[in-house]
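So you can see what is in the structure, the chains are spelled out below.
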Amino acid sequence: MPRVLHVAASPKGEAAYSWQVAEALLARIDPDGERLVRRLDLAPPPFPTADFAAAMIQGQTAAAAAALPALAYSEAAIRDLEATDVLTISTPMHNFTVPAALKAWLDQVVRFGRTFQSTPEGKIGLLRDRPTFIVIASGGAITPPAARQPDFVQPYLTAILDCIGIRDLRFIRAEALSRGPDAAAAGLTAARATIDAAAGDLAPGSGAAAYSAIT
Ligand SMILES: Cc1cc2nc3c(=O)[nH]c(=O)nc-3n(C[C@H](O)[C@H](O)[C@H](O)COP(=O)(O)O)c2cc1C
């Protein structure tokens, strides 16, 4: 069975729209599997401190980082990722981009010398790629032509996850959820309707060796 990590970034925890859509997705691709869930509302990642910045710039390896308290959260979060075959991130849009808790988590896992290297040609990701589902919940529309606001969530997550080697991204959007109960229900239904297409080769029963390619 694949090892699934769900990083849940909404302050609303299990009541969040993004959580609900992610749960529907995970029930589809991995109904019986064990999931490692990291709820950022229950255990917020620390913001980078001066000690963190000083340690990070030295490009500490996993072994060296284990002895540094400033890198303890970072090391644990990176090990979560290393142990994961399927990554799911559920997140609301906050002020056109990711919530601060998710940005803080990314600041911990995108670590020079550990999850990416800098070269004259640019940054090179050091994590292996794996199917990654990203559920975005937004109060307004974010997909053209209905969108009346910019979306920095999808482009930002695409760029920053690419930086550490994660490129197989499958976005699921639940939009226009703050326009009353009917609109929210319609937005959730529309999002759930895209789950099969996003799951693709991972959907049980879809043929072709389901999980074997990723375990
Ligand atoms: C601080 C904050 C900022 C928000 N900014 C936006 C925004 O820029 N665009 C938008 O469409 N919705 C915005 N919203 C609304 C949320 O994206 C919306 O309520 C979403 O459904 C929340 O998802 P969740 O239930 O998964 O937390 C914001 C909500 C909060 C609390």
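Residues numbered from 1 in each chain as written. Predicted model: local features only at pLDDT ≥ 70, side-chain atom pairs only at ≥ 80, totals over all residues. Heavy atoms only, no water.

## Looking at the packing of helix 4 (residues 72–82) against helix 5 (residues 100–109)
Look at helix 4 against helix 5: their axes get within 8 Å of each other, and the N-to-C directions meet at 90°. Judged on the interaxial angle alone, helix 5 and helix 4 are roughly perpendicular. Where helix 4 abuts helix 5, its residues Tyr73, Ser74, Ala77, Ile78 and Leu81 lie against Trp105, Gln108 and Val109. Residues that form the contact of helix 4 with helix 5 fall into these classes: six nonpolar, two polar and no charged. (Axes fitted to C-alpha atoms, helices over the stretch in contact; angles between N-to-C directions. Helix = DSSP H or I, 4+ residues; strand = E, 2+ residues; numbered from the N terminus. Parallel < 35°, antiparallel > 145°, perpendicular 65-115°, else oblique. Contact = heavy atoms within 4.5 Å. Nonpolar A, V, L, I, M, F, W, Y, C, P; charged D, E, K, R; others polar.)

## Focus: the site of the ligand
As a matter of local geometry, the ligand sits amid 17 residues, with Ser10, Lys12, Ser18, Asn95 and Gly140 nearest to it. For the ligand, a nitrogen atom lies 2.8 Å from a polar atom in the backbone of Asn95. The protein chains hide 74% of the 640 Å² of surface that the ligand would expose on its own. For the shell around the ligand, the class distribution of residues is seven nonpolar, nine polar and one charged. (Near = heavy atom within 4 Å. Polar contact = N/O pair within 3.5 Å; in protein donor to acceptor, adjacent residues only side chain to side chain. Areas by Shrake-Rupley, 256 points an atom, 1.4 Å probe, with all protein chains shown as cover.)

## Regarding the nonpolar core
Formed by 29 residues in total, the largest nonpolar core has its most connected members in Leu102, Trp105, Leu157 and Leu161. Within the residue set of this core, elements represented by two or more residues are strand 1 (4–8), helix 4, strand 3 (86–92), helix 5, strand 6 (132–137) and helix 6 (153–163). The residues contacting Leu161, other than those within four sequence positions of it, are Ile89, Leu106, Ile134, Ile166 and Leu169. Core analysis: the next-biggest nonpolar cluster, separate from the first, contains 20 residues, Ala22, Ala137, Leu188 and Leu202 among them. (Core = buried A, V, L, I, M, F, W, Y, C linked by side-chain atoms within 4.5 Å. Buried < 20%, exposed > 50% of the residue type's maximum accessible area, 1.4 Å probe, protein only.)

## Topic: the pairing of strand 1
Within strand 1, five of the five residues are buried, leaving the element largely enclosed by the surrounding structure. Residues Val4, His6 and Ala8 line one face of strand 1 and the alternating positions Leu5 and Val7 line the opposite face, and both faces are buried. Here strand 1 runs beside strand 2 (residues 35–39); their pairing, made up of five bridges, is parallel. Following the sheet pairing, His6 is matched in strand 2 by Val37. With five bridges connecting them, strand 1 and strand 3 associate as parallel partners. Bridge pairing in strand 3 links Ala8 to Ser90. (Pairing = 2+ DSSP bridges.)

## What to know about helix 2 (residues 50–57)
Every buried residue belonging to helix 2 is among Phe52, Ala55 and Met56, and all of these are buried. One side of helix 2 carries all its buried residues, which in axial view fall inside an arc of 100°. Summarising the geometry of helix 2, the exposed residues directed more than 90 degrees from the buried face are Ala50 and Ile57. Summarising the contacts, the buried residues of helix 2 are in contact with helix 4 and helix 5. Immediately downstream of helix 2, the backbone of Gly59 shows phi near 65°, a positive value. (Arc of directions from axis to C-beta.)

## Here's the deal with helix 6
When helix 6 is considered as a whole, its buried residues turn out to be Val153, Leu157, Ile160, Leu161 and Cys163. Looking straight down helix 6, one finds its buried side chains confined to an arc of 145°; they lie on one side. Elements that come into contact with the buried residues of helix 6 comprise strand 3, helix 5, strand 4 (116–119), strand 5 (122–125), strand 6 and strand 7 (169–174). Positive backbone phi, at 105°, marks Gly165, one or two positions downstream of helix 6.

## Brief notes about the environment of Pro2
One can find Pro2 in the segment before strand 1. A sequence separation of 28 residues divides Pro2 from Asp30, and the C-alpha atoms of the two residues are 8.0 Å apart.

## Considerations on the sheet that holds strand 7
Pairing is parallel across the open sheet formed by five strands, whose spatial order is 2-1-3-6-7. Single-partner strands in this sheet number two, and they are strand 2 and strand 7. Neighbour to neighbour, the strand axes of the sheet diverge by 15° on average, direction disregarded. In terms of strand pairing, strand 6 meets strand 7 through six bridges, oriented parallel. Bridging from a neighbouring strand, Ile134 pairs with Phe171 of strand 7. Running at roughly 160° to strand 3, helix 1 (residues 17–29) makes contact with strand 1, strand 2, strand 3, strand 6 and strand 7 of the sheet.

Keep in mind these numbers describe shape, not what the thing actually does.
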